[in-house]
Amino acid sequence: MHWDDRIKKVGLLLTSIFVLGACAETNDNSDNASADSAVEESVASGDNSSQESAKESKDSKEGKGSEEVDPVYGEENGLDLIELQDDKPEVAPVPVNNEPNRIATNLLEETTDAMGFNWYTTDKMPDAKVKVSKSEDMSDPVEFAAEATEVTSEYAERDKDGYYIYAAAKKDDEGNFIVDENGAPKEVEGYFTDEQITPDNTEWTSEGSSLGYLELQDVTEYSYKAEADDLEPDTQYYYQVGSDEGGYSKTGSFRTSGEKGEPFQFIHYTDTQNAYWNANVNNEAAYGADTLAHALEVAPDADFALHTGDFVEVAEVEDEWVDNLDMSQDQNLHLPHAYTPGNHDEYTVLGDEKDLTAFNEHTNVPITNDAMTGGSYYSYDYNGAHFVVLNTNDNKESEDNPEQGAIGKEQMEWAKQDIQAARDAGANWIILAYHKPIYSASYHALQDEDVQVTREEFAKLADELDVDVVLQGHDHNLTRTKSLVYTSDNFSYGEVEDTEKVEKDGVEYHVNPEGVTYIIPNTSGTKAYDAIYMKGADHVHKVRPKLDWMTEDDVELWNGLFDVAKQPDESPKFDHKHENFRQSQNQNFAVYTVTEDEFLIEFYEMSGNLHEGEERTVELVDSYGIKKEK
């Protein structure tokens, strides 16, 4: 079976399950999944913990024969469970696909009369376009020409059956693959594919990229961008993207925004972050697609979705984008997105440089001030609410950003002016969205050095400009703060506001809060982080040594900022590390219902083993509201 057929087969299986089941140089130093990325992050941030984690696996293997057993992975794991072969398997060509694929539909700065589209084909289609109609049968469509851009996509080497090909390559003392000037391994002990790997190999599912060296092959493709404009407000539209030569997509739909104060609803999910090394082992993109499908079942009238970053694990590997966008195509076709860039959306396999264009090649989001650095920043209005989407990959050293903060000076100043202008124009709500959090239940908010550079300014900005809600990602746990106001009197820069509260339909609403509510809806993928502060200062010091400055009083102060701070997954790895084995069967999403004077926040939790065919259950686990009385 050819590997593109295998992908289609997985998609069909996923669809049947839906029917039957009715996160420049980053200063983020979190992700141990890739040894090379981990080393890169630790160098940028001055944190050695993730580098040491990659090295620990190597040390445990070399320590065989001693009595000490790796407490995380046990006596045999990783490459111990993989049989090597001398000859490299034959590399199959990447299949040609001229049907529209990797389709992304996204909001633009004008949401009342426009919509943006993005898709891919292998060969250039000279008549590429988007067709838009008011009728579901696509009668009398208006056509909008698409602009085609030639891109070089880098696909993983696979065999004829679609299995990824890896080399067991020699590493240095720090756990990095030893490569030549072309990035190829200098010494290979053998080859293998992921056909033989199962989820029982927890070191592989956690850190596969540090165990097997993956080669990429360049493929010339075409990325298309189109904008439908001059549309009517508050109107339902149907559309298809494609070309006469290559064919058209299935029919999608969207609704333009309406008048100020009209109710609307949107879905928030984050950190899909599907890793290529698990595509054939414990496919993570499938969980992201399933999460979105169930979110649409809960909120069938949602007007759009907001994703707060880390669509993929390694942006350079095109296979991850294919998995992510194509597995969720049925949902994406009917749910326009506001896309937010995450740090992984600019990562490369070896971690020696960043892919600064991948995010914008796969989306058609606005690019403010021509600033595209691992993503872009922008804003839009929706029914009187103002959304500001920031790019926390703006952490490359420059004259604009000498301290390499998550947000540079130009972007920060733009955000302040943009929010103030929205307030002056009478916006009912201000919603700020970005990837790297300043309040979270895991370690990123207090450890990432690029976040520390800007964290106080962020908190001050949000408070002084009357931001209502901040939507974040990056730390993969379920987080909702109390209403926080800025203070310089403690390390958190936050103080809990004593608000008036009322109850409506069983939900507690905070009336006219002056503070800000910060949210992370866990993850829509399988990589989960523990809510480490809930286990006390000693545990925090154990799993994140760079936070050894925190006392029990500090931990207590931090925990007191949150109404919700939890991780539904119960991984045994949490006893030793902040993260799991990338095998969580618990995902979350949020649904927000917005009126002129009320903002309802609902957290939903999903559970069930998707790949074992278990029915996936959905449960409302938390509700919270904000009410404005004049």
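Residues numbered from 1 in each chain as written. Predicted model: local features only at pLDDT ≥ 70, side-chain atom pairs only at ≥ 80, totals over all residues. Heavy atoms only, no water.

- For the protein chain, an unreviewed UniProt entry supplies the name Metallophosphoesterase family protein and the organism Aerococcus urinae.

**Quick notes on the overall build of the protein chain**
Part 1 of the reasoning: In terms of helices and strands, the protein chain carries 13 helices and 29 strands.
Part 2 of the reasoning: Looking at the protein chain as a whole, 64% of its 630 residues qualify as buried.
Part 3 of the reasoning: With an accessible surface of roughly 23400 Å², the protein chain has 43% of that area assigned to carbon and sulfur atoms. (Helix = DSSP H or I, 4+ residues; strand = E, 2+ residues; numbered from the N terminus. Buried < 20%, exposed > 50% of the residue type's maximum accessible area, 1.4 Å probe, protein only. Areas by Shrake-Rupley, 256 points an atom, 1.4 Å probe, with all protein chains shown as cover.)

**Considerations on helix α9 (residues 409-424)**
Part 1 of the reasoning: Taking 1.5 Å as the rise per residue, α9 with 16 residues should run 22 Å; its terminal C-alpha atoms sit 22 Å apart, in good agreement.
Part 2 of the reasoning: Taken as a whole, α9 has its buried residues at Q411, M412, W414, A415, D418, I419 and A422. For α9, the angular spread of buried residues about the axis comes to 160°, placing them on one side. Opposite the buried face of α9, by more than 90 degrees, sit the exposed residues K409, Q417 and D424.
Part 3 of the reasoning: The positive-phi residue at the C-terminal boundary of α9 is G426, with phi of around 90°. (Expected span 1.5 Å × (residues − 1). Arc of directions from axis to C-beta.)

**Describing the pairing of strand β24 (residues 507-511)**
Part 1 of the reasoning: Among the five residues that make up β24, four are buried, leaving the element largely enclosed by the rest of the structure.
Part 2 of the reasoning: Both strand β23 (residues 500-504) and β24 contribute to a ladder of five bridges, which runs antiparallel. By the bridge assignment for β24, E500 is matched with V511.
Part 3 of the reasoning: Following β23, the chain reverses through two residues before pairing antiparallel with β24; D505 in that reversal takes a positive phi of roughly 55°.
Part 4 of the reasoning: Here three bridges tie β24 to strand β29 (residues 617-627), and the two strands are oriented parallel to one another. (Pairing = 2+ DSSP bridges.)

**Some remarks on the nonpolar core**
Part 1 of the reasoning: In this structure, F266, Y380, F387 and F599 are the most contacted members of the largest nonpolar core, which totals 58 residues.
Part 2 of the reasoning: Of the residues forming this core, the biggest block, four residues, is contributed by strand β9 (residues 216-228).
Part 3 of the reasoning: Structurally, this core is a two-domain feature, drawing no fewer than three residues from each of domain 1 (98-151 + 223-258) and domain 2 (259-627).
Part 4 of the reasoning: If sequence neighbours within four positions are ignored, F599 has contacts with F266, W429, I431, V469, Y592, T593, V594, Y624, G625 and I626.
Part 5 of the reasoning: With 46 residues, the next largest nonpolar core counts Y439, Y533, L547 and A565 among its residues. (Core = buried A, V, L, I, M, F, W, Y, C linked by side-chain atoms within 4.5 Å. Domains from an automatic or database assignment. Contact = heavy atoms within 4.5 Å.)

**Concerning the sheet that holds strand β6 (residues 165-169)**
Part 1 of the reasoning: Here we have three strands laid out as an open sheet, ordered β7-β6-β8, and antiparallel in their pairing. Among the strands making up the open sheet, the edge pair consists of β7 (188-193) and β8 (213-214).
Part 2 of the reasoning: Sheet topology note: the β6/β7 ladder contains five bridges and is antiparallel. Within β7, the residue paired with Y166 across the bridge is F192.

**What about the pairing of strand β10 (residues 236-243)?**
Part 1 of the reasoning: The element β10 is extensively covered by neighbouring structure, given that seven of its eight residues are classed as buried.
Part 2 of the reasoning: Across five bridges, strand β3 (residues 129-133) lies against β10 in antiparallel orientation. Counted as the bridge partner of K131 is Q240 from β10.
Part 3 of the reasoning: Examined bridge by bridge, β10 and strand β11 (residues 247-248) share two bridges and lie antiparallel to one another. Bridging across to β11, S243 finds its partner in G247.

**Focus on empty space enclosed by the protein**
Part 1 of the reasoning: Empty space within the largest cavity amounts to approximately 80 Å³.
Part 2 of the reasoning: Forming the boundary of the largest cavity are 14 residues, of which Y269, T272, N324, S328 and N332 lie nearest the centre.
Part 3 of the reasoning: Of all elements in the fold, only α5 (284-298), α6 (318-327) and β15 (337-339) reach the threshold of two or more residues within the lining of the largest cavity.
Part 4 of the reasoning: For the lining of the largest cavity, the leading source of residues is α5, giving four residues. (1 Å grid on protein atoms, 1.4 Å probe; cavity = no way out; pocket = protein on both sides within 12 Å on 5 of 7 lines; lining within 4 Å. Points joined across faces, edges and corners; volume = space filled by probe spheres on them.)

**Some details on the side chain of H539**
Part 1 of the reasoning: Examined against the element boundaries, H539 turns out to sit in helix α12 (residues 537-543).
Part 2 of the reasoning: Residue classification places H539 among the buried positions, given a relative accessible area of 13%.
Part 3 of the reasoning: Setting aside chain neighbours within four positions, we find H539 in contact with D530, I532, F574 and D575.

**Points about unusual backbone geometry**
Peptide bonds are mostly trans, and most non-glycine residues show a negative phi.
Part 1 of the reasoning: With phi around 55°, D370 is a residue other than glycine that occupies positive phi space.
Part 2 of the reasoning: Here D370 is to be found in the loop between α8 (358-362) and β16 (378-382).
Part 3 of the reasoning: Owing to a relative accessible area of 73%, D370 belongs among the exposed residues under this scheme.
Part 4 of the reasoning: Even without glycine at this site, N512 takes up a positive phi of about 50°.

**Describing α5**
Part 1 of the reasoning: For α5, with 15 residues, the first-to-last C-alpha span of 22 Å sits near the 21 Å given by 1.5 Å per residue.
Part 2 of the reasoning: Among the 15 residues that make up α5, 13 are buried, leaving the element largely enclosed by the rest of the structure.
Part 3 of the reasoning: The backbone nitrogen of A285 has a side-chain oxygen 3.1 Å away, supplied by the residue at the start of α5, namely N283. (Polar contact = N/O pair within 3.5 Å; in protein donor to acceptor, adjacent residues only side chain to side chain.)

**Side note on the sheet that holds strand β25 (residues 517-521)**
Part 1 of the reasoning: Spatial strand order, β16-β17-β18-β19-β25-β20-β26: seven strands in an open sheet with mixed pairing. Whereas interior strands pair on both sides, the edge strands pair on one side only; in this sheet they are β16 and β26 (562-566). When the angles between neighbouring strand axes are averaged without regard to direction, this sheet yields 15°.
Part 2 of the reasoning: Pairing between strand β17 (residues 385-389) and strand β18 (residues 429-433): five bridges, direction parallel. (Axes fitted to C-alpha atoms, helices over the stretch in contact; angles between N-to-C directions.)

**Digging into the packing of α5 against α6**
Part 1 of the reasoning: As a packed pair, α5 and α6 sit with axes 8 Å apart at the nearest point and diverge in direction by 25°. Considering the angle they form, α5 stands roughly parallel to α6. In the crossing of α5 with α6, the sense of the turn from one axis to the other is right-handed. Residues A285, A286 and A289 of α5 lie in contact with α6, whose contacting residues are D323, N324 and M327.
Part 2 of the reasoning: Broken down by class, the residue content of the contact of α5 with α6 amounts to four nonpolar, one polar and one charged. (Parallel < 35°, antiparallel > 145°, perpendicular 65-115°, else oblique. Left-handed = near helix turned anticlockwise from the far one by under 90°. Nonpolar A, V, L, I, M, F, W, Y, C, P; charged D, E, K, R; others polar.)

**Focus: the confidence of the model for the protein chain**
Part 1 of the reasoning: For the protein chain, the mean per-residue pLDDT works out to 91, and 89% of the residues sit at or above 70.
Part 2 of the reasoning: Low pLDDT, under 50, characterises residues 1-66; the predicted model gives this stretch 175 contacts beyond four residues in sequence or across chains. (pLDDT = per-residue confidence, 0-100.)

**Considering a negative patch on the surface**
Part 1 of the reasoning: On the surface, a cluster of negative charge is made up of E500, E596, D597 and E629.
Part 2 of the reasoning: Residue placement: E500 occurs in strand β23.
Part 3 of the reasoning: A relative accessible area of 48% means that E500 is categorised as partly exposed. (Patch = residues over 30% accessible without salt bridge, like charges linked within 9 Å, V, L, I, M, F, W, Y side chains within 5 Å. Salt bridge = Lys/Arg side-chain N within 4 Å of Asp/Glu carboxyl O. Lys, Arg positive; Asp, Glu negative; His and termini not counted. Charge placed at Lys NZ, Arg CZ, Asp CG, Glu CD.)

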